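As a plain string of letters, each chain reads:
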Amino acid sequence: RVGSSTKKTAFQKGGDMTDQQAHRDFFSCDLFDHLPYFKDDMASMEHPVFSLSTQADKRILRYEHNGNSIRIIPSILGLPTIHDKDILIYCASYLRAAMNRGEVPSRTMRFVSLAFLSLTQRGSGGCSYERFKEALNRLQGVVINTNIKTGRFYTEKGFGLIDSWEAVKEDSSGRVIAVEIKLSEWLYNAILANELLTINPDYFDLRKPMERRLYEIGRKHCGSQDAFKIGLEKLQLKVGSSSVTKEFRRAVREIVADNHLPDYELSLSDDDNVTFTNRVKQHHAIVRQTSFIHLKPETYGKAQAAAPGWDIYALEQQWRDWIAKKKEPPKRPDVAFIGFCRKKCLKNG
């Protein structure tokens, strides 16, 4: 599937491709290829490249920090959004997986639109295909000027996030069923250099643009550490939010209250410090703590009396799973377990 491949994929049926198309250098992403992980590029995780607006955003964005500068100029359709970025994540994930298998895929790749829509948690109705096409146009139309290098290379020219795209197959209503995309050198160099991080697939379930951006920052800076702390003002700069500080603080507090970012828990202190806490490490630490909780032999008899007719050892496992989700193990575990059994019995009759 590398180079001048004429392999028939799920969307190349019935000789509907021209000879010119069939002999192009492209990487064919099969509909049934297994994707073991999703990969995001570190440059756009670190710096605010994508708009957080859900409306057409036609501002020119400028960002400077620690010697890095970036200017993002929208097309007439507006800036690419953080939801548009899903296409780049999808492409980077497949190309990196191919490289891990020893292949050297080209910058141009083909895939079935339905596979992308499905794996990134989007609908498959007609409007999903239209939004997909609009996203492709925004990614191609944007102009980026930056001194941020990917791989060993600086890109000293204006470039889009994808160089080009075209529909390889459309249905009768003009929906793009299969697409060919040529990635920018900037992203392709990042993929070759493995300047990527694995992200949680639950990222695609996040509908609020701010949640997605905060997850990216947490993944980039907290990673597998226990925690990462950052001031609210600096965080707003990294997020790329154009809101006033008061509104940004309110938005962060809402996300803190919702508490459903994958992998990381967010907190905001009174002195405007935001902390990302690693949920996985926190959970494993608590599980290790709970595994050392030993109940007295007589506790089982008291628990059985509190919940007659119940499987007391099954209840014990439920109890241990429940306390593993809490901040700290109970100080009086025997009393806590008996109370758990009593409540379980009363609640379920």
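Scroll up to find the structure.
In short, a report on the structure.

### Some thoughts on the pairing of strand 3 (residues 61–65)
Residues Leu61, Tyr63 and His65 line the buried face of strand 3, whereas the alternating positions Arg62 and Glu64 sit on a face that is not buried. What sits between the antiparallel neighbours strand 3 and strand 4 (residues 68–73) is a turn of 2 residues, in which Asn66 has the positive phi angle 50°.

### Some words on the sheet that holds strand 6 (residues 143–146)
The antiparallel open sheet is built from 3 strands, whose spatial order is 3-4-6. Either end of the sheet is taken by a strand with one partner, and the two such strands are strand 3 and strand 6. In this sheet, neighbouring strand axes are inclined to one another by 10° on average, regardless of whether the strands run parallel or antiparallel.

### Focus on the nonpolar core
Of all hydrophobic cores here, the largest spans 74 residues; its most connected members are Phe111, Ile181 and Phe276. Counting residues per element, this core draws most heavily on helix 3 (residues 85–100), at 10 residues. Not counting residues within four places of it along the chain, the set of residues in contact with Ile181 comprises Ile87, Cys91, Arg107, Thr108, Met109, Phe111, Leu136, Ile162, Ser164 and Trp165. If you look at the next biggest cluster of nonpolar residues, it comprises 15 residues, including Ile293, Ala303, Ile312 and Ile338.

### Brief notes about the packing of aromatic side chains
Following the criterion strictly, the structure yields 16 aromatic pairs and no others. Relative to Trp186, the ring of Phe159 has its centre 5.6 Å away and its plane inclined at 40°; by these criteria the two rings are tilted. Note that Phe159 is positioned in the loop between strand 6 and strand 7 (162–170) and Trp186 in helix 6 (residues 185–192), a separation of 27 residues in sequence. For Phe159, a relative accessible area of 7% corresponds to the buried category. Judged by relative accessible area, Trp186 falls into the buried class, the value being 3%. Aromatic pair Tyr203 and Tyr215: ring centres 5.8 Å apart, planes at 45°, arrangement tilted. Of the two residues, Tyr203 sits in the loop between strand 9 (196–199) and helix 7 (209–221) while Tyr215 sits in helix 7, which places them 12 residues apart along the sequence. The same class applies to Tyr203 as to Tyr215, namely buried. Geometry around Tyr37 places Lys39 over its ring, the cationic atom sitting 4.9 Å from the centre.

### Let's talk about the environment of Gly123
Structurally, Gly123 can be placed in the loop between helix 4 (113–119) and helix 5 (126–141). The class of Gly123 is partly exposed, set by a relative accessible area of 39%. Discounting residues that sit within four places of it in the chain, Gly123 has contacts with Leu117 and Ser128.

### Description of the pattern of salt bridges
Tallied over the full model, the rule gives 21 salt bridges. Across the salt bridge formed by Lys238 and Glu46, the nearest N and O atoms sit 2.6 Å from each other. Separated by 192 residues along the polypeptide, Lys238 in helix 8 (residues 232–239) and Glu46 in helix 2 (residues 42–46) bring together distant segments of the chain. In this structure, Lys238 and Glu46 share a single accessibility class: buried. With a closest N to O distance of 2.9 Å, Arg213 and Glu216 form a salt bridge. With a gap of 3 residues between them, Arg213 and Glu216 both fall in helix 7, about one helical turn apart. With relative accessibility at 2%, the residue Arg213 sits in the buried group.

### Some remarks on the side chain of Arg219
Examined against the element boundaries, Arg219 turns out to sit in helix 7. Within the structure, the side chain of Arg219 is placed 2.7 Å from the backbone oxygen of Thr198, a separation counted as a polar contact. What Arg219 contacts, discounting residues up to four positions off in sequence, is Met45, Leu197, Thr198, Ile199 and Tyr264.

Each value, and the rule that gives it
Residues numbered from 1 in each chain as written. Predicted model: local features only at pLDDT ≥ 70, side-chain atom pairs only at ≥ 80, totals over all residues. Heavy atoms only, no water. Buried < 20%, exposed > 50% of the residue type's maximum accessible area, 1.4 Å probe, protein only. Helix = DSSP H or I, 4+ residues; strand = E, 2+ residues; numbered from the N terminus. Pairing = 2+ DSSP bridges. Axes fitted to C-alpha atoms, helices over the stretch in contact; angles between N-to-C directions. Core = buried A, V, L, I, M, F, W, Y, C linked by side-chain atoms within 4.5 Å. Contact = heavy atoms within 4.5 Å. Phe/Tyr/Trp six-rings, centres within 6.5 Å; stacked < 30°, edge-to-face > 60°. Lys NZ or Arg CZ within 6 Å of the ring centre and 35° of its normal. Salt bridge = Lys/Arg side-chain N within 4 Å of Asp/Glu carboxyl O. Polar contact = N/O pair within 3.5 Å; in protein donor to acceptor, adjacent residues only side chain to side chain.

The values are spatial; any link to function lies outside them.
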